[in-house]
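# Coordinates in review
Single-letter residue listing:
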Amino acid sequence: MKRIITFLLAVVMLVGMMALVGCDKDNENPGSGNIPNTGNNPNTGNNPNNTTDVYTLVTAAMKKTIEAKSYIGAIKQTVTETLMGNTSTVKADYVIKASLDDPAKPLMGLDGEIEMEGEKMPYTYYFDGAWMYYVMYGEGFKAQATLEEFMEDAGGIDSLFTDLPKALFDGVAAKTEGNTTKVELTADSDTFKAMYTKLITDMFYDVLGDIITPVVVSDVKIVVSVTDGYVMGYDLSFKSSYTIGNDSVSYDYSQSVVFESIDKAVTITPPEGYENFMEMGWG
């Protein structure tokens, strides 16, 4: 269970990193929001109805969102583990804010809570481009770190917007309501594990730190919602299992991401008294 908490915290940190690794969004390219005029752009009210149109729509929106200079997003994550008839669930629920207009001083804030066995643990992260501040159980800590160190420590799993193979879009038609276009995708076990290698690695290893194999993944569902050229919603869910000796272990994973705003002004407030937090070494 400690590993799942660590995993969820890693995901928490990682979501905040996705906009920090973007390129210059002023460059003219398919990922800068200039979706090719195929006649099926969601903003014209028409549904993309072939593999290329849907694939282009989603990948362009993902890239544009990654390159965003600011955002506010609400994330909910649940991991349920079943072992020897016993089931335990860990939930993470948080809001993350980013203001990245100044490359020398990227600002990020996160407020949320993890719930396990009925106990709720609120926590706060704040990053000012040079220092990382963390609050849990009422205790505050800080550590000086570069952006690279911060990102490396943030979890080591694939980014939220992993590359989606074009083959996943075969035969998939988008559904448009108003100015939002939604695309639902599925993947088989091997394809999904190749897409989310680090996620699977982080979730499945034994107490000695060895990766557990084979892991079987099923019921994969990825739902991407695109509005005005941005990914405003990204849901991921799957079931997975493996066997140790005669014991079968299974996991249900679900994640929902909803962006309140992207590329609009964001105010990020540091935690109270953060200047006086106890300093710790990084790592």
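Structure first, text after, so check above.
The structure presented is a predicted model; accordingly, all values stated were derived computationally and were not measured. (Residues numbered from 1 in each chain as written. Predicted model: local features only at pLDDT ≥ 70, side-chain atom pairs only at ≥ 80, totals over all residues. Heavy atoms only, no water.)

The helix and strand inventory of the protein chain stands at five helices and 12 strands. Accessible area for the protein chain stands at about 14,000 Å²; split by element, carbon and sulfur atoms hold 50% of it. (Helix = DSSP H or I, 4+ residues; strand = E, 2+ residues; numbered from the N terminus. Areas by Shrake-Rupley, 256 points an atom, 1.4 Å probe, with all protein chains shown as cover.)

Attention shifts here to the pattern of salt bridges. A full pass over the atoms with the stated rule returns four salt bridges. Residues Asp 93 and Lys 76 are paired through a salt bridge, measuring 2.8 Å at the closest nitrogen-oxygen approach. Of this pair, Asp 93 sits in strand S2 (residues 86-99) while Lys 76 sits in strand S1 (residues 70-83), and the two are 17 residues apart along the sequence. Among the salt bridges present, the one from Lys 239 reaches Asp 252, with a minimum N-O distance of 3.1 Å. Of the two residues, Lys 239 is situated in strand S10 (residues 230-244) and Asp 252 in strand S11 (residues 247-262); the sequence distance between them amounts to 13 residues. For Lys 239, a relative accessible area of 36% puts it in the partly exposed group. Owing to a relative accessible area of 31%, Asp 252 belongs among the partly exposed residues under this scheme. (Salt bridge = Lys/Arg side-chain N within 4 Å of Asp/Glu carboxyl O. Buried < 20%, exposed > 50% of the residue type's maximum accessible area, 1.4 Å probe, protein only.)

As a further point, take the side chain of Thr 124. Considering the arrangement of structural elements, one finds Thr 124 in strand S4 (residues 119-127). Using a relative accessible area of 17% as the deciding quantity, one classes Thr 124 as buried. Polar contacts involving the side chain of Thr 124 include one to the side chain of Asp 111, which spans 2.8 Å. In contact with Thr 124, not counting residues within four places along its chain, are Leu 110, Asp 111, Tyr 133, Tyr 134, Val 135 and Pro 271. (Polar contact = N/O pair within 3.5 Å; in protein donor to acceptor, adjacent residues only side chain to side chain. Contact = heavy atoms within 4.5 Å.)

The next point concerns the sheet that holds strand S12 (residues 278-279). One open sheet holds the 12 strands; their spatial order is S7-S8-S9-S10-S11-S1-S2-S3-S4-S5-S6-S12, and the pairing between them is mixed. The sheet is open, and its two borders are formed by strand S7 (175-177) and S12, each paired with just one other strand. Judged from the 10 bridges that link them, S2 and strand S3 (residues 107-116) form a sheet pairing that is antiparallel. From the neighbouring strand, Ala 98 faces S3, where its bridge partner is Met 108. Together, strand S8 (180-185), strand S9 (216-227), S10 and S11 form the strand contacts of helix H2 (residues 51-66), whose direction differs from that of S10 by roughly 100°. (Pairing = 2+ DSSP bridges. Axes fitted to C-alpha atoms, helices over the stretch in contact; angles between N-to-C directions.)

This paragraph deals with unusual backbone geometry. Within the chain, Tyr 137 stands out as a residue other than glycine whose phi angle is a positive 55°. By the secondary structure assignment, Tyr 137 is in the loop between strand S5 (131-136) and strand S6 (139-144). Residue Tyr 137 is classed as exposed on the basis of its relative accessible area, which comes to 56%. In the Ramachandran plot, Asp 263 falls in the positive-phi region, its phi being about 60° despite a non-glycine side chain. Structurally, the position occupied by Asp 263 is in the loop between S11 and S12. Asp 263 sits in the partly exposed class, given a relative accessible area of 25%.

The next subject is the pairing of S8. Alternating positions in S8 separate cleanly, Thr 181, Val 183 and Leu 185 being buried on one face and Thr 180, Lys 182 and Glu 184 remaining unburied on the opposite face. Relative to S8, S7 runs antiparallel, the two sharing three bridges. In the sheet register, Thr 176 faces S8, and the bridge partner there is Thr 181. Across six bridges, S8 lies against S9 in antiparallel orientation. Across the sheet, the residue bridging to Thr 181 is Val 226, located in S9.

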